[in-house]
Amino acid sequence: MRSTIAKINVANLKHNLQMMRQVAQKMEIMPVVKADAYGHGIVEISRILRAEKARIIGVAFADEAVKMRESGDTGEIFVLIPGTEYDTDLYCAYNLQASVEDFDVLKKLSHEAHSRNMTIKTHLFINTGMNRDGIKPNMALDFMNRAVELPGIDMFGILTHLAGSELEDRTFSNQQLDLFDSVLAELQNAGHSFKYIHALNSAGTLNFSDRPYNLARCGIALYGYMDYKNLSDKLKLKPILELVSKVININTVDAGDTVGYSLNYISDAKRRIAVVPLGYGDGYHRVLANKVHCLINGRKFPIVGTICMDQCLIDIGDENVNIGDDVVFIGNQGEESVDAYDLANAMGSIPYEITTALKWRIPRIYI
Ligand SMILES: Cc1ncc(COP(=O)(O)O)c(C=O)c1O
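Residues numbered from 1 in each chain as written. Predicted model: local features only at pLDDT ≥ 70, side-chain atom pairs only at ≥ 80, totals over all residues.

### Observations concerning the overall build of the chain
In step 1: Each helix and strand counted, the chain has 12 helices and 20 strands in total.
In step 2: In terms of overall dimensions, the chain has a C-alpha envelope of 80 × 45 × 35 Å along the principal axes.
In step 3: Among the 367 residues that make up the chain, the fraction classed as buried is 44%.
In step 4: Restricting the contact set of the chain to residue pairs at least 6 apart, pairs at least 24 apart contribute 65%. (Helix = DSSP H or I, 4+ residues; strand = E, 2+ residues; numbered from the N terminus. Buried ≥ 20, exposed ≤ 12 C-beta atoms within 10 Å, placed from the backbone. Contact = placed C-beta atoms within 7 Å.)

Given below as structure tokens:
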């Protein structure tokens with residue numbers, strides 16, 4: 001096997017779920033496993049979460065749910081991104097809960113479900129200010145009044161999504177949630193009821209757990225990160241993924257020698273350069289070169305030159321580093337650590353993008 005692997009720590013995943021359950025208080029956690037569980041593996045992660053009594057799991061697209069079903073998952077699955085006319089058949093064939101924002105799609109779902117003699121559970125998505133998914137609040141009552149008349153449709157849930165739940169200033173989130181609550185009250189006064197009422201992602205669950213909802217859609221927190229490190233520290237989350245490899249070659253260069261593609265890095269002295277089989281073809285972004293460190297024998301070393309598709313180069317100076325030594329790109333070694341925040345900060349991004357980018361060329365090992 002190739003020496004680059006991603007180790008997924010199952011105990012840490014369970015710990016993070018436990019932490020989110022505590023903070024969510026009366027809300028049930030809907031783990032979000034879209035984008036291959038943020039790069040951690042949708043089938044394996046879902047299996048672990050089901051064993052930990054996750055009743056309902058969220059994905060972005062129906063195809064992701066199909067992957068879960070084909071692996072034997074029979075539990076409740078909610079598709080977060082509103083359904084389209086192109087995937088109504090999947091919702092029925094695989095018994096998925098759909099998020100809806102378009103009455104024509106709902107009618108198509110109704111037709112499909114009715115013709116199969118089944119009922120499909122749907123959640124009405126309310127756009128309270130993010131302006132990505134959902135219907136305008138003032139259209140909700142009319143939508144619901146018509147929706148409940150459709151055969152084969154059970155309006156099972158209602159949701160919104162916050163645009164900035166992680167922000168210190170909570171004004172906008174509170175406005176969104178107040179709007180959501182007023183739409184909910186209007187619908188309930190008109191006689192509509194919902195089994196699931198949900199509005200909060202991971203940071204929302206941390207910041208707004210006093211709101212009267214019964215489900216929280218948590219993704220990133222389960223993988224041990226949040227938008228900012230201070231938030232995951234507050235929740236005592238533990239990253240669940242370690243990205244490790246090995247030194248496969250060592251080259252000695254002199255002052256003036258070039259290292260890697262495009263003559264980007266010219267050595268200013270005699271030094272040793274370790275070659276490690278991890279590159280942008282694995283999702284280790286090219287822009288990280290000369291900006292981040294990795295760990296070898298408990299010490300930090302810079303990644304130099306240009307990150308190639310399959311390999312990268314590390315300046316090991318005069319240190320006692322040998323072919324076969326472990327190299328940690330995300331994780332801990334001795335007293336040192338590198339996490340997805342370090343990589344995200346170096347490229348002006350967030351940890352979500354770091355773990356989600358890791359390609360399936362890297363074997364995931366669940367420990
Ligand atoms: C609609 C919706 N709900 C929940 C989530 C989960 O968010 P997080 O990973 O921040 O918990 C996402 C992720 O982007 C989302 O799009």
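This is not the end of the story, as more comes after the structure.
### A word on the sheet that holds strand β4 (residues 76-79)
In step 1: The strand order across the open sheet built from eight strands is β2-β9-β8-β7-β6-β5-β4-β3, with neighbouring strands paired in parallel fashion. The outermost strands of the open sheet, each flanked by one partner alone, are β2 (28-31) and β3 (56-59). The sheet shows a mean angle of 30° between the axes of neighbouring strands, direction not considered.
In step 2: Of the pairings in the sheet, the one linking strand β6 (residues 120-125) to strand β7 (residues 153-159) comprises six bridges and is parallel in character. Residue pairing across strands places leucine 124 opposite isoleucine 158, the latter belonging to β7. (Pairing = 2+ DSSP bridges. Axes fitted to C-alpha atoms, helices over the stretch in contact; angles between N-to-C directions.)

### A look at the environment of asparagine 117
In step 1: Residue placement: asparagine 117 occurs in the loop between α6 (103-115) and β6.
In step 2: We classify asparagine 117 as exposed; it has 7 C-beta atoms within 10 Å.
In step 3: Along the chain, asparagine 117 and threonine 88 lie 29 residues apart, while their C-alpha atoms are 15 Å from each other.

### Some remarks on the environment of alanine 269
In step 1: Looking at the secondary structure, you find alanine 269 in the loop between β13 (265-266) and β14 (271-276).
In step 2: Separated by 146 residues in the primary sequence, alanine 269 and histidine 123 have C-alpha atoms spaced 63 Å apart.

### Quick notes on the domain arrangement of the chain
In step 1: Splitting the chain by domain gives domain 1 (10-234) and domain 2 (241-338).
In step 2: Distance between the C-alpha centres of domain 1 and domain 2: 41 Å. (Domains from an automatic or database assignment.)

### Side note on unusual backbone geometry
In step 1: Of note, the phi angle at lysine 53 is positive, near 70°, even though the residue is not glycine.
In step 2: Relative to the assigned elements, lysine 53 resides in the loop between α3 (42-51) and β3.
In step 3: According to the C-beta neighbour criterion, lysine 53 is exposed, with 11 such atoms within 10 Å.
In step 4: We note that asparagine 131 has phi near 60°; this positive angle belongs to a residue other than glycine.

### Re the nonpolar core
In step 1: Met20, Leu124, Cys294, Ile314 and Phe329 are the most contacted members of the largest nonpolar core, which has 107 residues in total.
In step 2: With six residues, helix α1 (residues 10-24) is the single largest residue contributor to this core.
In step 3: Two domains share this core, each providing at least three of its residues, namely domain 1 (10-234) and domain 2 (241-338).
In step 4: Each residue touching isoleucine 314, except ones within four places of it in the same chain, is listed here: Ile273, Ala274, Val276, Cys294, Phe301, Ile303 and Val304. (Core = buried A, V, L, I, M, F, W, Y, C linked by C-beta atoms within 7 Å.)

### Thoughts on the pairing of strand β5 (residues 97-100)
In step 1: Neither face of β5 is open: one carries Gln97 and Ser99, the other Ala98 and Val100, and all of them are buried.
In step 2: Relative to β5, β4 is paired through two bridges, and the arrangement is parallel. Looking across to β5, one finds that phenylalanine 78 is bridged to glutamine 97.
In step 3: Where β5 and β6 come together, three bridges link them in parallel fashion.

### Focus: α6
In step 1: In a regular helix each residue adds 1.5 Å, so 13 residues correspond to 18 Å; α6 covers 18 Å between its end C-alpha atoms and thus fits that length.
In step 2: By the burial criterion, the buried members of α6 are Val105, Leu106, Leu109, Ser110 and Ala113. Projected down its long axis, α6 carries its buried residues within an arc of 145°, all on one side. Structural note: α6 exposes Asp104 and Ser115 on the side pointing more than 90 degrees away from its buried face. (Expected span 1.5 Å × (residues − 1). Arc of directions from axis to C-beta.)

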